[in-house]
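Below, each chain spelled out in residue letters.
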Amino acid sequence: MRNKQQPTVCILWFRNNFRLLDNPILNHISYSGKYSNLIPLAIIPDQYMDPDLLSANRLNFYLEALNDLNKNLQAKFKQKLIILEGKYFESIVYIINFVQKQFSIPPENITLAWELCLKSEFKTIDNKLKVHCQNNSLSIINKGYSTLWPISSILQITDHKPPSNMSSFIEDLKQLPEPEKPLKIPKNIPPLLKDFLFYFISNNSDFNEKNNSIRINLSENVNYYFDPPSLKSYEKYFSQNNITTSFEGGETKALEIFNHYLQKSDNIFNFNKNKQNPVLIKPSSTTLSPYINLGCVSVRYFYFRVKQIYKIHQIKYKPENTIIGQLCWREFFYVMDTFQDDSTKLEKQNKKEITQISQLDKFYISVWENGKTGYPAIGSFYLKVISRR
């Protein structure tokens, strides 16, 4: 039972939902009236420092999305995103313990919230957090999802079996009701705990008010950034010269791209994935895939905006080759992913297999990696793909 004389704090982990528009968990916190304070939290996982697992392009996109989310929180709600760096579990436990000890808030007055995401890479950490909260009398909110329909609803239709092909999967989806409509940005959200930032950084001699983006070491495995870092903060691992894409991360840019794309209705009517030209200077697709993947724009918002255009022009469509069909493919792979093990384990297994292969024939592996197969087109395409990871 909650102590009504103490603040009720919700720690919201922005993990795969870097946006304010159509953010179900943020809306729930805002309109529930249960919480006196909110701590918006984002974590830069330590594995992102490994160039073998993540490219400069992807890290830069992630950091730009963090920066954009922080700016939007400040502009709309005068809130500040708390950005930690380290392992997911250790970083969240650090925040929970800090709130308990510094503000003398009992665990029953603390809620940990994060968006439900069924990506295999998050299965282990989700289970670990749920056990920790249960063992320490902390409340949990797992609300929202990064798909059009809850995966559990789709699995009920497929009898909890992986879909065999796309055609049958689309027929299964037709049995479901329309997805829930996207939510508006909430009018307000609870503030940070009073003097939270002061207490959070006051005991760290490394903090310099003239250089707010400096990384502050909070514990052995957890660091804190007062302001969102840029790729320059990780120049030890990545160089600005490694950035080979012009895409800028964040919700603001995602909505700008989407609105620009929708200005020409022909983009929707004539969309056919099978007829796209991959060598055009300007992409013929929406280019929103990385934004949807990171949650900078809601897949439900995307879906209903496109459906609105079809409705206005009274056009009937079959989803297979349309832009709606691409969203169905996305649902397809999310469902398939639920039948996979933790992707972190798979990555380790793949690395081990690659090592075994390279020991068998280092020469051929080297030829392939350097694009010197004797087929110039294949070599150049491969090197281009690697540079744009």
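Residues numbered from 1 in each chain as written. Predicted model: local features only at pLDDT ≥ 70, side-chain atom pairs only at ≥ 80, totals over all residues. Heavy atoms only, no water.

1. Focus on the sheet that holds strand β2 (residues 37-45)
Strand order in the open sheet formed by 7 strands is β5-β4-β1-β2-β3-β7-β6, and the pairing between neighbours is mixed. Each edge of the open sheet carries a strand with a single partner, namely β5 (139-145) and β6 (215-217). Adjacent strand axes in the sheet meet at a mean angle of 30 degrees, parallel and antiparallel pairs treated alike. By the bridge criterion, 4 bridges tie strand β3 (residues 82-86) to strand β7 (residues 222-225) in an arrangement that is antiparallel. In the sheet register, Glu85 faces β7, and the bridge partner there is Asn223. (Pairing = 2+ DSSP bridges. Helix = DSSP H or I, 4+ residues; strand = E, 2+ residues; numbered from the N terminus. Axes fitted to C-alpha atoms, helices over the stretch in contact; angles between N-to-C directions.)

2. Focus on helix α11 (residues 299-312)
An ideal rise of 1.5 Å per residue puts 20 Å on 14 residues; α11 measures up with 20 Å between its terminal C-alpha atoms. Within α11, the full set of buried residues consists of Val299, Arg300, Tyr301, Phe302, Tyr303, Phe304, Val306, Ile309 and Tyr310. Residues of α11 that are buried make contact with α1 (24-32), β5, α8 (251-262), α9 (266-269), α10 (289-294) and α12 (323-337). For α11, the side-chain oxygen to backbone nitrogen distance between the N-cap and Arg300 is 3.1 Å, and the N-cap itself is Ser298. Residue Gln314 follows α11 closely and has a positive phi angle near 50 degrees. (Expected span 1.5 Å × (residues − 1). Buried < 20%, exposed > 50% of the residue type's maximum accessible area, 1.4 Å probe, protein only. Contact = heavy atoms within 4.5 Å. Polar contact = N/O pair within 3.5 Å; in protein donor to acceptor, adjacent residues only side chain to side chain.)

3. Remarks on the packing of helix α6 (residues 166-173) against α12
Interaxial distance between α6 and α12 falls to 10 Å at its minimum, and their mutual angle equals 95 degrees. If you check the angle between α6 and α12, you find them roughly perpendicular. Mapping the contact onto sequence places Met166, Phe169, Ile170 and Leu173 in α6 and Gly325, Cys328, Trp329, Glu331, Phe332 and Val335 in α12. The residue makeup of the contact of α6 with α12, split by class, is 8 nonpolar, 1 polar and 1 charged. (Parallel < 35°, antiparallel > 145°, perpendicular 65-115°, else oblique. Nonpolar A, V, L, I, M, F, W, Y, C, P; charged D, E, K, R; others polar.)

4. Examining the nonpolar core
Among the nonpolar cores identified, the biggest contains 111 residues, and Phe196 and Phe200 are the most heavily contacted of them. Looking at this core, the element that brings in the most residues is helix α2 (residues 56-77), giving 10 residues. Apart from the residues within four sequence positions on either side, Phe200 is in contact with Ile82, Leu84, Tyr94, Ile95, Phe98, Leu218 and Tyr224. (Core = buried A, V, L, I, M, F, W, Y, C linked by side-chain atoms within 4.5 Å.)

5. Overview of the pattern of salt bridges
The tally for this structure, following the rule as stated, stands at 10 salt bridges. A salt bridge links Asp22 to Arg300; the shortest N-O distance between them is 2.5 Å. Separated by 278 residues along the polypeptide, Asp22 in the loop between β1 (9-13) and α1 and Arg300 in helix α11 bring together distant segments of the chain. Residues Glu85 and Arg215 are paired through a salt bridge, measuring 2.6 Å at the closest nitrogen-oxygen approach. Of this pair, Glu85 sits in strand β3 while Arg215 sits in strand β6, and the two are 130 residues apart along the sequence. You can call Glu85 buried: its relative accessible area is 4%. When its relative accessible area of 43% is taken as the criterion, Arg215 is described as partly exposed. Connected via shared salt-bridge partners are Asp22, Glu180 and Arg300. (Salt bridge = Lys/Arg side-chain N within 4 Å of Asp/Glu carboxyl O.)

6. Details of unusual backbone geometry
For Lys78, which is not glycine, the phi torsion reads 55 degrees and is therefore positive. Looking at the element boundaries, Lys78 is found in the loop between α2 and β3. Here His160, not a glycine, exhibits a phi torsion of approximately 60 degrees, which is positive.

7. Observations regarding empty space enclosed by the protein
A full pass over the atoms with the stated rule returns 1 cavity of 30 Å³ or more. What the largest cavity holds in volume is close to 80 Å³. What lines the largest cavity is a set of 15 residues, and nearest its centre among them are Arg19, Tyr145, Ser146, Ser298 and Val299. Taken together, the residues of the lining of the largest cavity sort by class into 5 nonpolar, 5 polar and 5 charged. (1 Å grid on protein atoms, 1.4 Å probe; cavity = no way out; pocket = protein on both sides within 12 Å on 5 of 7 lines; lining within 4 Å. Points joined across faces, edges and corners; volume = space filled by probe spheres on them.)

8. Remarks on the side chain of His132
Considering the arrangement of structural elements, one finds His132 in helix α4 (residues 123-135). Judged by its relative accessible area of 17%, His132 falls in the buried class. Sequence-distant contacts of His132, that is, excluding residues within four places in its chain, are made with Phe89, Val93, Ile96 and Leu138.

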